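An overview of the molecular structure
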Amino acid sequence: LMPAKSSIGATALQLVSVPTQVISGTLIKADAGNGTGKVYVGLSGAVTAGTDDLTDGMQLSSGDPIFISHAQAPDASQIWVIGSTTGLRVFFEVF
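Scope of this entry: the structure provided in the associated data block. As the structure is a computational prediction, the values presented were derived from the model and not from experiment. (Residues numbered from 1 in each chain as written. Predicted model: local features only at pLDDT ≥ 70, side-chain atom pairs only at ≥ 80, totals over all residues. Heavy atoms only, no water.)

Notes on the sheet that holds strand β6 (residues 65–69)
With antiparallel pairing, the 4 strands of this open sheet are ordered in space as β1-β8-β3-β6. Both edges of this open sheet fall to β1 (4–8) and β6, since each of them pairs with a single strand only. Ignoring which end each strand starts from, the neighbouring axes of this sheet average 25° apart. Of the strand pairs in this sheet, strand β3 (residues 25–30) and β6 are connected by 5 bridges, and their pairing is antiparallel. For K29, the partnering residue across the bridge sits in β6 and is P65. (Pairing = 2+ DSSP bridges. Helix = DSSP H or I, 4+ residues; strand = E, 2+ residues; numbered from the N terminus. Axes fitted to C-alpha atoms, helices over the stretch in contact; angles between N-to-C directions.)

Some remarks on unusual backbone geometry
For S7, which is not glycine, the phi torsion reads 60° and is therefore positive. Examined against the element boundaries, S7 turns out to sit in strand β1. S7 gets classed as exposed once you look at its relative accessible area, which sits at 58%. (Buried < 20%, exposed > 50% of the residue type's maximum accessible area, 1.4 Å probe, protein only.)

Here's the deal with the nonpolar core
Residues L15, I28, V41, I68 and I79 are the most contacted members of the largest nonpolar core, which totals 18 residues. Where this core is concerned, the elements lending two or more residues are β3, β4 (39–42), β6 and β8 (88–94). Of all the elements, β8 adds the most residues to this core, at 3 residues. With residues near it in sequence (within four places) discarded, V41 still touches I28, V47, G57, M58, L60, I66, I68, I79, W80 and V81. Core analysis: the second largest hydrophobic core is formed by 5 residues, A12, Y40, V47 and A49 among them. (Core = buried A, V, L, I, M, F, W, Y, C linked by side-chain atoms within 4.5 Å. Contact = heavy atoms within 4.5 Å.)

Some remarks on the pattern of salt bridges
Within the structure shown, the criterion is met by 1 salt bridge. Notably, a salt bridge pairs R89 with D31, separated by 3.0 Å at the nearest N-O pair. In this pair, R89 is assigned in strand β8 and D31 in the loop between β3 and β4, connecting sequence segments 58 residues apart. (Salt bridge = Lys/Arg side-chain N within 4 Å of Asp/Glu carboxyl O.)

If you want it as structure tokens, here you go:
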């Protein structure tokens, strides 16, 4: 069962706020109920939501998944999310 991260909005949030060791990677999936809202996933608190080519995260539409490997983020607290609007949600699992 994948825990949810809710209340994603226009301010970048850590996927988890405490250090969480990653063995192989982290799977993140945008909630199908996000409608037309987009979630952006990045590896810095400076991640942006479609406003700056240099800092925009990987865009996830409703239902889209992304797998971030251990090599990219050995700790799940290094993963950040931000939304194109308020009230968005992702599900995630750390492997």
